[in-house]
Each structure stands twice: as C-alpha cells, then as structure tokens.
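What follows is each chain in one-letter form.
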Amino acid sequence: MNRFLPDTWWDLLMRPFDMAAPEANVYVETVAPDVRLAVVLILMLAVGALWLWRRRANASVNVSAPVVWLAVLLLVSMVPWFATTGNGRYFIAWLVLLGPLCVGLLRALPFSAGRKLALAAVVIVTQLFVLSQNTPFGQWTWIRWEEPPYFQIDKPPAEPATYVTIASLSYTLVAPQFPLDASWINVAAGVSPRDAAELDKRLSSAHDVKLFVPAIPSQVRAEGQPSPAARKALAGLLKPHGVLLDESTTCSFLRSGGLARIGVRAGAHRPESELHKYGFWICPVTYKRPPAEAPDESDPAVDAVFEAVERLCPRFFPAGGNAQKTNEGWIKHYDTDVIVYLFDDGTALYKFWRSINPVVIGKRDQLLAGRVTLDCTKIRAPNWRHGGP
Amino acid sequence: MTPPKALPTAFLRAEGWIVWLLGAAAFAAVPVALGGIGLSWDAINHHIYLGWIIEHPRFDRDFAAAFYQAYQYPFLYWPVYKLAMAGASGVFAGVVLALMQSLAVPPAWIVARACFPGDSWADAAFRWLGVVIAFLGALTLSLLDSTSNDMGAAIPLLWSVALAFLAAGIPQDEPRRVLFWIALSGLAAGIAVGFKLSNGPLVLVMPLAWAMARGTLTQRVQRVVLAGVLTIAGFLVAYGYWGWQLWVHTGNPIYPFADGAFDHLRSALGWHR
C-alpha cells in the first residue's frame, strides 16, 4: 500500500506544506492539517542561513547542541518514515517533538526574548486557527460512546454457535457480549492459501454455523426477516467461501441501538418508528468445502488488457490478483486504493478512491497495441497544489 | 547586563510534575467536553476484540474473527475493553484513556528542558510553549477522541528520545549516570517496537541519539551497544509472549506480515497447526 508515500521528489519536499493543507489522505486518512512541520523546516533553513552568514563574520548563533541534535534526529527519522509508509500515525513521537524543536529554533533567531516568545505564540495561534477550521475531534468516529453500554445490542442467543461474518467490518466489538464458547470466523476478503486449509477445517468441524451480518434496514421485513433480494445477495456473497445460505431459512434478528446510531450519524434519515429495523441478521448456514480449484472466471484476453494497464503504472497497478466479472465487464481492486474497470465495450478506466470520478485509460485495442500513455503522477486525487480534489 | 532572575527552586523542581498535571488535565478535558469518546471503524472491527482475547485467548475458537487485524498486538487495547465491559460511560472511558495518553507529556517536557535548561522565567516560558506546541498537532489531538493505540505505542519511543537527551545533559565525569539513562532509553526503544512494529524503522535512528552524550569514542560505542542490546531485551519483554503465541498458533511470530519469510523456518522446525 502506498497511500501516504510521496510519488515524486517534489511531492516529498512539499510534504510538510501538504500536511498544513486541510485535506484528508495526505499523511493520515483524516483531515488533519498541521502547520508545525513546515514551520520547523522553515526555521531550520532560517537558522542554517543565519549560521552561515554569521560564520563568515566570525560570529556565533545562539543554537544549543540539543536543538541541533533534535533537528538532525528529526531529519534522519523522516528517512525511514518515508521509506516505509509515510503514515502520520506511525510518526506520532516525532510529531510531538516538533514542539520543543520549534521553540528551540526560535531561540536561535536574533531577536529579543519577548519577540521570540511572541513568535512562538504566533505559531500556536496559527495552528489553533487551523484546528478551529477543521476540528480534530470526531474525525475517526463512527459512533460516539456516551452513556453505557458502549454498543447496544439486544440479548444475544444463549446457545453458543459458530458465527461467520462476511463484512470487512466484522463488528466483533459485540463478540464479548455473546457466550464465551461461541466462535467467530470472518471470510470477508478470503484468506491466504496457507490458511485456506485451516479455515476449511474450522468450518467443517463447526456445529451450528450461523451467518452474523448487519441488516439493511430497507430490506428488513416482517419479524425481522431479510427480504428475498437481501437473501439472494447474501447467498451470493457467501457461496464462493463454501458457506451456503438456504434462501428459505428463518433468520433471527438481533436489534441494535448501536447500529441505529451509526446509521443516523452517517446521515440516514429514518424516522424514530424505523430505528427498530437496525440490527444484525443471524441466519443458519451450512458449509460445504468449495472446489479445490475455484472455477477460473478470468479470460486470457481480459487478463492481457489488465496486464497492459499494469505496465503503464506498476506502482499503482501492481501485477497479480484476479479480475472479477461484473454485469458490465470486469473489475480489479488494487492494494493501492485504485480500482480498474474494463467494460464490455472495451473501455478501461481507473478510479482512485478519493477521486470523485473515474478516469478513462483507453480502449482495449489501444492498450494491447501499447498506444496508451498515462501520467502516473496524476493518478491520486489532486491536492491543494493542483486545485484540490 | 544583569542576568535574568531565576525562578524559585521549588518551582523548578516541581516544574515537570506541574506540566504533566496540567497536560493530563487538558487531555482529560477533551472527552469531558465532548461528552464521550468516538468509536472508529477500527474500534468496531478489532479494538474491543483484541482487549478481550488478552483475558480469553481464542486461537482455538476463532479464526480471523476481525479478519487479520485479529492478530495485532493486543495489550494496548486491554484498558478500553475493560472499560467497555465494566459498563463505564464514554466520558469515564475517555478520561481514563486520555490520562494514559498524558504519559507523552513528561518526555516532551524533558526534551524541551534539554533545549532550554535555564532557570529564568523566559526559559521556563519557552519550555512550556514547546510542550503546548508539541500537542497541537491535529492528528495527535484526534487520538484523544479515539481508542487507537497509536499514542500508546509512541509513548515509549518518546521516552526513549527524552532519556537520551537526559543522558546527554549529564557532565562527562559522571559516566555511570549517563550509562544508566541510556540503558533505560534502549529498553524503552525496544518496548516501543514491541508495542508497534512500525516503530522499528524509527528506532534504527536511536543509536545517533545514544551517541549524543559526552564521552570518549569508546564510551559512546559502548553506550550504543548496550542500548542496542537492551532494545532487543525490551522488545522481547513487550512482544515476546504475543510473538510466541502467534508462532505456536500460526507459525509466524509477526503474523500475518512477511508470512512467506517464515516458510523455511516452519519446514525446518516441522511446524504444523
């Protein structure tokens, strides 16, 4: 995943300034503008220039050894940071140490103590202004934990079962509320080949296997049953994993005030009278080991087109993985937050997750003939330097 | 020119504690003001679960319950799990977690004091402003409204850097004191890596910090070596149990990362589930 890695050397140099912009997905998933790293680097340049100038005049600069060391350590630490992830959550310690470094560098400036303190106050006020425009609180929140319980569900079934979850969001925060000898297995995105045998063993030997999935309120019918369309969709999602949902089976419905609050917070405009439709479906399922070699849906002609796309920008379209058939063509998800579509009419497009619209790459024939070029530095959603997303 | 007036000795001695207390109060004020704490996607998916499995190991029962996030280092999530199970309010839980995050304040102040060691009001003012600026980052503040382990995992690394600066401020004729603080710094660095493996690349920079303290070249090399050894020890103390559990149950002590790299080891040792 290269989500926070700079694409070019210029992106790398501009990263401290990009971090000051009120945009998401710069150095962390959320909107987290931070002017401090840019301020520190500007101060480093200023103090460095001052030092060079004063050295020529055989004068000194009031910068202490610890401040110099702190600056060196920060700069050196940024190398492994950018060499690995560029993710701000993995750089918290150094983001904190920007504070002492900032005032340490201010101290080296040729001003009175009062003026230096005033400059420090300016930094604080600037960052506070930025924060006031983009509150840091609630950025990660799906649901607020206010009054207990932390996440409300009705009383779960008392009998232990093996719960299979299919959503990438597993909702295991409710698992401790279930009997201790229940089991939880997630099959959302498939497992590695090495784990496939273990998963098969677990599911084959499990008793009372049940699907545990958040209900879609609009698809909740009488007595909490899933609609036929919901059943069909769930059965389709489960089948490749060998988990079989009989579309006539009776599910139980576990109401959840927690899910209702997530829905309302996400903007669901549901009247109070419909909040009871938020909950989890618990549906008996069976397991039958899927074929050892899953039917190969891919088409060599389709694979060739995706390979041609991947050669254009290997950094964003890494080779490997399989395309999936859709109603209108094929789709392939990449670990780099990009999806590539190949429609039946031969048009290939990519969509970066933060971009509003997909972008046409080219036609099948053009791609196979090598007549398509792509500016790999423009795949990500444009940031403030390019006019915003 | 008259030297700046020194602050009272009693204040200077207590300054670090005062800064910490004020910082802790400021951190705790956040969940109080917000009326609770936010549960993120990660909290819904695996934070509570990971805290749960510390008390109730479930390798034999569950399989990738929270997908592969179910195998993350769980210990930093134990507090939020216990608070949830105890029926705590969001405010109470948020305050407890915020107070734990306030352990980041003292090392920030220690580094600020290394930059401004003086006794004058101006030096104290710079130190305090340095600490304020330290915690004004939007990302850092956002973690006060979250159950994530990012600050918890960063705190030992902060202490490691701070202790290295503490050692660097000791006169050269007190090598034992220097060695003591650098040893602790190494231990803290190892714990940081144990808490979160992504601290590993950052800890590779720490030998530079350990070499800061005054001394001969031989002394500096010895300190770096000692701190390095203690880094490994700290890592084993923090991560050893969990890594062993992952090895036993999955054949990979850092599962699911770099899984292929352990194929030969699994074969050589005859590991099987």
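Criteria and cut-off values
Residues numbered from 1 in each chain as written. Chains lettered and ligands numbered in written order. Predicted model: local features only at pLDDT ≥ 70, side-chain atom pairs only at ≥ 80, totals over all residues. Heavy atoms only, no water. Helix = DSSP H or I, 4+ residues; strand = E, 2+ residues; numbered from the N terminus. Rg over C-alpha atoms; globule rule 2.2 N^0.38 Å. Contact = heavy atoms within 4.5 Å. Areas by Shrake-Rupley, 256 points an atom, 1.4 Å probe, with all protein chains shown as cover. Lys, Arg positive; Asp, Glu negative; His and termini not counted. Charge placed at Lys NZ, Arg CZ, Asp CG, Glu CD. Pairing = 2+ DSSP bridges. Axes fitted to C-alpha atoms, helices over the stretch in contact; angles between N-to-C directions. Disulfide = S-S within 2.5 Å. Buried < 20%, exposed > 50% of the residue type's maximum accessible area, 1.4 Å probe, protein only. Buried area = accessible area lost by both parts, 1.4 Å probe. Salt bridge = Lys/Arg side-chain N within 4 Å of Asp/Glu carboxyl O. Polar contact = N/O pair within 3.5 Å; in protein donor to acceptor, adjacent residues only side chain to side chain. Patch = residues over 30% accessible without salt bridge, like charges linked within 9 Å, V, L, I, M, F, W, Y side chains within 5 Å. Core = buried A, V, L, I, M, F, W, Y, C linked by side-chain atoms within 4.5 Å. Parallel < 35°, antiparallel > 145°, perpendicular 65-115°, else oblique. Left-handed = near helix turned anticlockwise from the far one by under 90°. Nonpolar A, V, L, I, M, F, W, Y, C, P; charged D, E, K, R; others polar.

Caption draft 1: Focus on the overall build of chain A. Within chain A, the secondary structure is distributed over ten helices and 13 strands. Its C-alpha atoms give chain A a radius of gyration of 27 Å, clearly above 21 Å, the size a compact globule of 389 residues would have. Across its three principal directions, the C-alpha atoms of chain A cover 90 × 60 × 40 Å. For chain A, the share of sequence-separated contacts (at least 6 apart) that also reach a separation of at least 24 residues comes to 59%. On chain A, roughly 18700 Å² of surface is accessible, and the fraction owed to carbon and sulfur atoms is 59%. Looking at charge distribution, chain A has the averaged site of its 39 positive side-chain charges lying 10 Å from that of its 34 negative ones.

Caption draft 2: Layout of the sheet that holds strand β11 (residues 338-343) of chain A. Residue and element names in this part refer to chain A. Reading across from one edge, β9-β10-β11-β12-β13 is the order of the five strands in this open sheet, with antiparallel pairing throughout. Two strands close off the open sheet at either side, each with one partner strand: β9 (324-325) and β13 (359-363). Running at roughly 40° to strand β10 (residues 329-334), helix α9 (residues 300-312) makes contact with β10, β11 and β13 of the sheet.

Caption draft 3: Just unusual backbone geometry, in detail. In this chain, P148 of chain A is followed by P149 of chain A through a cis amide linkage whose omega measures 0°. With a phi close to 50°, A258 of chain B is a non-glycine residue in the positive phi region. Structurally, the position occupied by A258 of chain B is in the loop between α12 (217-250) and α13 (263-269).

Caption draft 4: Fine view of the sheet that holds strand β4 (residues 209-214) of chain A. Residues and elements named next belong to chain A. Within the open sheet, the five strands sit side by side as β3-β2-β4-β7-β6. Their pairing is mixed. At either end of the open sheet lies a strand with only one pairing partner, and these are β3 (183-186) and β6 (252-255). Strand after strand, the sheet turns through a mean of 25° between neighbouring axes, direction not considered. Judged from the five bridges that link them, β4 and strand β7 (residues 279-284) form a sheet pairing that is antiparallel. The residue bridging V213 from the neighbouring strand is W281, located in β7.

Caption draft 5: The state of the cysteines, seen in detail. Tallying each qualifying case throughout the model produces two disulfides over all chains. Here C251 of chain A connects covalently by a disulfide to C283 of chain A, the sulfurs 2.1 Å from one another. Taking the sign of the S-S torsion, 110° for the link of C251 of chain A and C283 of chain A, the bridge is right-handed. Taken together, the residues span a long stretch of sequence, with C251 of chain A in the loop between β5 (243-244) and β6 and C283 of chain A in strand β7 at a distance of 32 residues. Take C251 of chain A and C283 of chain A: they sit in the same class, and that class is buried. Here C313 of chain A is linked by a disulfide to C376 of chain A, with a sulfur-sulfur distance of 1.9 Å. An S-S torsion of about -90° defines the bridge between C313 of chain A and C376 of chain A as left-handed. In this pair, C313 of chain A is assigned in the loop between α9 and β9 and C376 of chain A in the segment after α10 (364-368), connecting sequence segments 63 residues apart. By relative accessible area, C313 of chain A is classed as buried at 1%. Take C376 of chain A: its relative accessible area is 25%, and that puts it in the partly exposed class. Indicated for chain A is the disulfide connectivity 1-2, 3-4, based on numbering the bonded cysteines in sequence order. Counting only cysteine sulfurs, C115 of chain B is the nearest neighbor of C102 of chain A, a cysteine outside any disulfide, at a range of 11 Å.

Caption draft 6: Structural view of the interface of chain B and chain A. Taken together, the contact pairs 89 residues of chain B with 80 residues of chain A. Buried surface at the junction of chain B and chain A, both sides included, amounts to about 7400 Å², of which 70% is carbon and sulfur. Ranking the residues of chain B by area buried against chain A places I44, F63 and L139 of chain B at the top, with a combined share of 11%. Taken together, chain B and chain A are joined by six salt bridges. A salt bridge links E198 of chain A to R273 of chain B; the nearest nitrogen and oxygen atoms lie 4.0 Å apart. At the boundary of chain B and chain A, one finds 34 residue pairs in polar contact (both at pLDDT 80 or more).

Caption draft 7: Region of interest: the pattern of salt bridges. In this structure the tally under the stated criterion is 31 salt bridges over all chains. When the shortest N-O distance is used, the salt bridge between R261 of chain A and E146 of chain A registers 3.8 Å. Here R261 of chain A, found in helix α8 (residues 257-265), pairs with E146 of chain A, found in the loop between β1 (141-145) and β2 (162-165); they are 115 residues apart in sequence, far enough to count as distant. Under the relative-accessibility criterion, R261 of chain A is labelled partly exposed at 35%. Salt-bridge contacts for D263 of chain B lead to R266 of chain B; the nearest nitrogen and oxygen are separated by 2.6 Å. With D263 of chain B and R266 of chain B both in helix α13, this residue pair falls three residues apart, about one helical turn. For R266 of chain B, a relative accessible area of 6% puts it in the buried group.

Caption draft 8: Broad picture of helix α1 (residues 9-18) of chain A. Buried within α1 of chain A we find D11, M14, R15, P16 and D18 of chain A. Those residues of α1 of chain A that are buried lie in contact with α2 (36-56) and α3 (65-84) of chain A.

Caption draft 9: Layout of a nonpolar patch on the surface. Side chains of V68, V72 and V76 of chain A together with L208 of chain B sit close together on the surface and give an oily, nonpolar patch of about 240 Å² of accessible area. In terms of residue count, α3 of chain A provides more of the nonpolar patch than any other element does, three residues in total. For L208 of chain B, the position within the fold is in helix α11 (residues 206-210).

Caption draft 10: Examining the nonpolar core more closely. Ranked by size, the top nonpolar core spans 93 residues in total, and within it L74, W94 and L101 of chain A together with F135 of chain B carry the most contacts. At twelve residues, the largest contribution of residues to this core is made by helix α4 (residues 92-107) of chain A. Sequence-distant contacts of F135 of chain B, defined by excluding residues within four places in its chain, comprise R36 and V96 of chain A together with F27, A104, V105, A108, T140, L141 and M151 of chain B. Listed in part, the 78 residues of the second largest apolar core include A182 and I262 of chain A together with A66 and A70 of chain B.

Caption draft 11: Focus on the pairing of strand β12 (residues 347-352) of chain A. Residue and element names in this part refer to chain A. Counting buried positions along β12 gives five out of six residues, so the element sits mostly inside the fold. Pairing of β11 with β12 involves five bridges; the strand directions are antiparallel. Bridge pairing in β12 places L342 opposite A348. Between β11 and β12, which pair antiparallel in sequence order, lie three residues; one of them, G346, sits at a positive phi of approximately 95°. In this antiparallel pair of consecutive strands, β12 and β13, the connection spans six residues.

Caption draft 12: Geometry of the packing of α4 of chain A against helix α5 (residues 105-115) of chain B. Their axes nearest at 9 Å, the elements α4 of chain A and α5 of chain B cross at an angle of 15°. Classified by the angle between their axes, α4 of chain A and α5 of chain B sit roughly parallel to one another. Between α4 of chain A and α5 of chain B lies a crossing whose hand is right-handed. Residues V96, L97, P100 and R107 of chain A of α4 of chain A form the contact with α5 of chain B, whose participating residues are A108, V111, A112 and C115 of chain B. By residue class, the composition of the contact of α4 of chain A with α5 of chain B is seven nonpolar, no polar and one charged.

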